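So the chains spell out like this:
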Amino acid sequence: MNLVIFSGPPSSGKTSIILKTIDALKSRDISVGVVKFDCLYTDDDVLYEKMGIPVKKGISGALCPDHYFASNIEEVVQWGIKKGLDLLITESAGLCNRCSPYIKEIMGICVIDNLSGINTPKKIGPMLKSSDIVVITKGDIVSQAEREVFASRVNSVNPKAMTMHVNGLTGQGAFELSTLLYEKEKTIETVKGMELRFPMPSALCSYCLGETRIGEAYQMGNVRKMDLGEDDE
Amino acid sequence: MMNNMKLKQLIEKYPFITDYFSGNKLDINLEEERTFTEFLDSFSEEEIEDFAIDKESLTENLEEYIQNMKEFLGIKEEKGVESLTILPGFDKSRKKEGFETLTLHKSEIISIVGPTGSGKSRLLADIEWTAQKDTPTGRSILVDGKVPDMKWRFSSNNKLVAQLSQNMNFVMDLTVREFLELHAGSRLVEDIEGVTSRIIKEANKLAGEKFEMETPITSLSGGQSRALMIADTAILSSSPIVLIDEIENAGIDRRKALDLLIGEEKIVLMATHDPTLALIGDRRIVIKNGGIEKIIKTSKKEKELLKDLEKMDAIIQSIRTDLREGRELSLKK
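This structure is a prediction, so every number in the text was calculated from the model and none was measured.

Some words on the overall build of chain B
Turning to step 1, where the next piece is worked out: The number of helices and strands found in chain B is 13 helices and nine strands.
Turning to step 2, where the next piece is worked out: A principal-axis box enclosing the C-alpha atoms of chain B has dimensions of 75 × 55 × 35 Å.
Turning to step 3, where the next piece is worked out: Counting across all 333 residues of chain B, residues that qualify as buried make up 35%.
Turning to step 4, where the next piece is worked out: Long-range contacts, defined as pairs at least 24 residues apart, comprise 69% of the intrachain contacts of chain B with a sequence gap of at least 6.

A few points about the overall build of chain A
Turning to step 1, where the next piece is worked out: Across its full length, chain A carries seven helices and seven strands.
Turning to step 2, where the next piece is worked out: Secondary structure elements of chain A occur, N-terminal to C-terminal, as β-α-β-α-β-α-β-β-α-α-β-α-β-α.
Turning to step 3, where the next piece is worked out: Against the compact-globule benchmark of 17 Å for 233 residues, chain A has a radius of gyration of 19 Å, which places it among compact chains.
Turning to step 4, where the next piece is worked out: In terms of overall dimensions, chain A has a C-alpha envelope of 70 × 45 × 30 Å along the principal axes.
Turning to step 5, where the next piece is worked out: Residue burial in chain A is summarised as follows: out of 233 residues, 49% are buried.
Turning to step 6, where the next piece is worked out: Restricting the contact set of chain A to residue pairs at least 6 apart, pairs at least 24 apart contribute 72%.

Examining the interface of chain B and chain A
Turning to step 1, where the next piece is worked out: Counting residues at the interface gives 40 residues for chain B and 38 residues for chain A.
Turning to step 2, where the next piece is worked out: Listing elements by their share of the side of chain B that touches chain A, those giving two or more residues are α2 (17-23), α5 (55-77), α6 (120-128), β5 (161-165), α8 (176-186) and α10 (222-236) of chain B.
Turning to step 3, where the next piece is worked out: Per element, the largest residue contribution to the side of chain B that touches chain A is five residues, and it comes from α5 of chain B.
Turning to step 4, where the next piece is worked out: Here the residues of the side of chain B that touches chain A are counted per class, giving 16 nonpolar, 17 polar and seven charged.

Side note on the sheet that holds strand β2 (residues 102-105) of chain B
All names here are of chain B.
Turning to step 1, where the next piece is worked out: Strand order in the open sheet formed by three strands is β2-β1-β4, and the pairing between neighbours is antiparallel. Strand pairing shows two members of the sheet lacking a second neighbour, β2 and β4 (140-143), which therefore form its edges. Recorded for the sheet is a direction-independent mean angle of 15° between the axes of neighbouring strands.
Turning to step 2, where the next piece is worked out: Taken together, the four bridges between strand β1 (residues 83-87) and β2 define a ladder with antiparallel strand orientation.

Observations regarding the sheet that holds strand β7 (residues 162-165) of chain A
Residues and elements named next belong to chain A.
Turning to step 1, where the next piece is worked out: Pairing is parallel in the open sheet, where seven strands are placed in the order β3-β2-β4-β1-β5-β6-β7. In the strand order of this sheet, the two ends are held by β3 (55-59) and β7, each with one partner. The sheet shows a mean angle of 20° between the axes of neighbouring strands, direction not considered.
Turning to step 2, where the next piece is worked out: Sheet topology note: the strand β1 (residues 2-8)/strand β5 (residues 107-113) ladder contains four bridges and is parallel. Within the sheet, the bridge partner assigned to F6 lies in β5 and is I109.
Turning to step 3, where the next piece is worked out: With respect to the sheet, helix α3 (residues 65-82) is in contact with β1, β2 (32-38), β3 and β4 (87-93), its orientation differing from that of β2 by roughly 160°.
Turning to step 4, where the next piece is worked out: Across the sheet, helix α6 (residues 144-157) is in contact with β6 (133-137) and β7; its angle to β6 comes to roughly 160°.

Considering the environment of I17 of chain B
All names here are of chain B.
Turning to step 1, where the next piece is worked out: With respect to the helices and strands, the residue I17 is situated in helix α2.
Turning to step 2, where the next piece is worked out: Take I17: there are 20 C-beta atoms within 10 Å of it, and that puts it in the buried class.
Turning to step 3, where the next piece is worked out: For the pair I17 and L62, spaced 45 residues apart in sequence, the C-alpha separation works out to 8.0 Å.
Turning to step 4, where the next piece is worked out: When neighbours within four sequence positions are excluded, I17 is seen to be in contact with L10, I11, L62, Y65 and I66.

Here we look at the pairing of β6 of chain A
Residues and elements named next belong to chain A.
Turning to step 1, where the next piece is worked out: Within β6, five of the five residues are buried, which leaves the element mostly enclosed by the surrounding structure.
Turning to step 2, where the next piece is worked out: What you see with β6 is no split at all: I133, V135 and T137 on one side and V134 and I136 on the other are buried throughout.
Turning to step 3, where the next piece is worked out: Taking the sense of rotation as the criterion, the β-α-β connection linking β6, α6 and β7 turns out right-handed.

Some points on the environment of I103 of chain A
All names here are of chain A.
Turning to step 1, where the next piece is worked out: Tracing the backbone through its elements, the reader meets I103 in the loop between β4 and β5.
Turning to step 2, where the next piece is worked out: Separated by 17 residues in the primary sequence, I103 and T120 have C-alpha atoms spaced 23 Å apart.
Turning to step 3, where the next piece is worked out: Dropping the residues within four chain positions of it, I103 is found in contact with I5, V191, M194, E195, L196 and R197.

Details of helix α13 (residues 300-325) of chain B
All names here are of chain B.
Turning to step 1, where the next piece is worked out: The first and last C-alpha atoms of α13 sit 38 Å apart over 26 residues, in line with the 38 Å expected at 1.5 Å per residue.
Turning to step 2, where the next piece is worked out: Counting buried residues in α13 gives zero out of 26 residues, a small share hidden from the surface.
Turning to step 3, where the next piece is worked out: Positive backbone phi, at 80°, marks G326, one or two positions downstream of α13.

Here we look at the nonpolar core
Turning to step 1, where the next piece is worked out: Of all hydrophobic cores here, the largest spans 116 residues; its most connected members are V135 of chain A together with I230 and A231 of chain B.
Turning to step 2, where the next piece is worked out: The element best represented in this core is α10 of chain B, accounting for eight residues.
Turning to step 3, where the next piece is worked out: If we skip the residues at most four places from it in the chain, V135 of chain A touches I17, I109, V111, M164, V166 and L177 of chain A.
Turning to step 4, where the next piece is worked out: Ranked by size, the runner-up nonpolar core spans ten residues in total, among them I17, Y20, F39 and L62 of chain B.

Considering the domain arrangement of chain B
Turning to step 1, where the next piece is worked out: Each assigned domain of chain B is listed with its residue range as follows: domain 1 (2-77), domain 2 (83-298) and domain 3 (300-333).
Turning to step 2, where the next piece is worked out: Computed from C-alpha coordinates alone, the two centres of domain 1 of chain B and domain 3 of chain B are separated by 59 Å.

A short note on the packing of α10 of chain B against helix α11 (residues 254-263) of chain B
Residue and element names in this part refer to chain B.
Turning to step 1, where the next piece is worked out: Close contact between α10 and α11 brings their axes to 8 Å; oriented N to C, the two are set at 15°. Taken together, the axes of α10 and α11 lie roughly parallel to each other. Note that α10 runs across α11; the crossing there is left-handed. The residues of α11 that touch α10, namely those facing I230, A231 and A234, are A257, L260 and L261.
Turning to step 2, where the next piece is worked out: Classifying every residue of the contact of α10 with α11 by side-chain character gives six nonpolar, no polar and no charged.

Each value, and the rule that gives it
Residues numbered from 1 in each chain as written. Chains lettered and ligands numbered in written order. Predicted model: local features only at pLDDT ≥ 70, side-chain atom pairs only at ≥ 80, totals over all residues. Helix = DSSP H or I, 4+ residues; strand = E, 2+ residues; numbered from the N terminus. Buried ≥ 20, exposed ≤ 12 C-beta atoms within 10 Å, placed from the backbone. Contact = placed C-beta atoms within 7 Å. Rg over C-alpha atoms; globule rule 2.2 N^0.38 Å. Nonpolar A, V, L, I, M, F, W, Y, C, P; charged D, E, K, R; others polar. Pairing = 2+ DSSP bridges. Axes fitted to C-alpha atoms, helices over the stretch in contact; angles between N-to-C directions. Right-handed = clockwise from strand over helix to strand, strands pointing away. Expected span 1.5 Å × (residues − 1). Core = buried A, V, L, I, M, F, W, Y, C linked by C-beta atoms within 7 Å. Domains from an automatic or database assignment. Parallel < 35°, antiparallel > 145°, perpendicular 65-115°, else oblique. Left-handed = near helix turned anticlockwise from the far one by under 90°.

In structure tokens:
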């Protein structure tokens, strides 16, 4: 089975892109399943189900969704293999834009949209910088110039990635994307022992452990203070 | 080569890499006497974690970026695309398309007609992807008569097709000037001022109502936006092919707009349901059931019809102006 990891900011169009891409893969007789990771809520699984795509969802709840991803991905892979899939796609929303769920040796795709503003490529960390393919969406509603500026910004933070414009509504570009997702040689049996492309941020302060009260007396562990300057003097 | 060059020397040689540093939030001020590696080594463990710095990939990417930009600059100096050839594939019922070869030259306009959902997007996608019998239609695309360089597929800075459609809007909070400067900057244009003032001049020739350099782009009227998008695409876009999805007949001089595009040596494909627009093309592609059914050359008779249509258009336009100005309406003029 092949594994492909999709990630991208919320509402960037990941699900639409994946749905259109799977459409194109089906015509090549490749069986695809999806596992959707989210933090509090998702009903995207219904959309996949409607199209007859095997789907599972994982809600991380109180945990950091990327940590949750890393602790579950092996089981997810085994589920896909048991289902007899040719290709398993995982979809997860980057929430603080700091992390990326990409694994070395596994294709990672970042979906971002033209509407998110031209400084977005700067704001997104490893999720964009360490992806293999960057899919840019919502290009049908902004001007050609803005598309070009946006793409050049993406290129300046991730010059290695291949940048594609895909339209989640009409599916323009989805067929082309689909040709890049499945390769027989990339079959894997497990992701055990593989490594994340980028370490997750160190955490563990009292708030990670459920503290709710505000104030220095309640702050323990890895705590850092903002530098607000000394302009009062 | 990069490893033993000081940042100062590197920037002197490749001025564009400052974009790479700012994109990656690397502040190289006061660091110019160091090499890039030395600069990266100066970060503490904590900073590396905080700013999500990956030294290895930053170095690899910088090399890649320089390579990309060198290629991009090289392409700018080339002549550009002279012709585009489409070789037939199949329609949805696997019937061969109704033409042998279709070659479009620069400064040529070809119209695309056919009902919604008939396969216009697919045709465009085939061109954009420079299909080599590897898309659902089985079409092949040649550039300058040859199987094209894969750069058209994979590069983010060099796309074969620029698109203009009815639904497009400006979304940035910038004035016309700032916007054009930004675009020109991303295209590594040297004479930014010259280019932006030329675009404004051309756009104002197309728009019914003139606008200023300091107007915010989001407050332009529909016609003005369209005019600015077209002038900008004609003059600044690196894509040799322009696809237009209908130009609304309001607030913009469509014929001048097309003249501007072909004057800038673009190959223009224009999807439209408007006869006045479709007949401006020298030929038109008829799409049916996912394939090109036939190609019609615009006949002399049709060109005459176009003149009549344009007269009718002019009448409607002038009545529209009268209406807007609060005059009494009549057919005489």
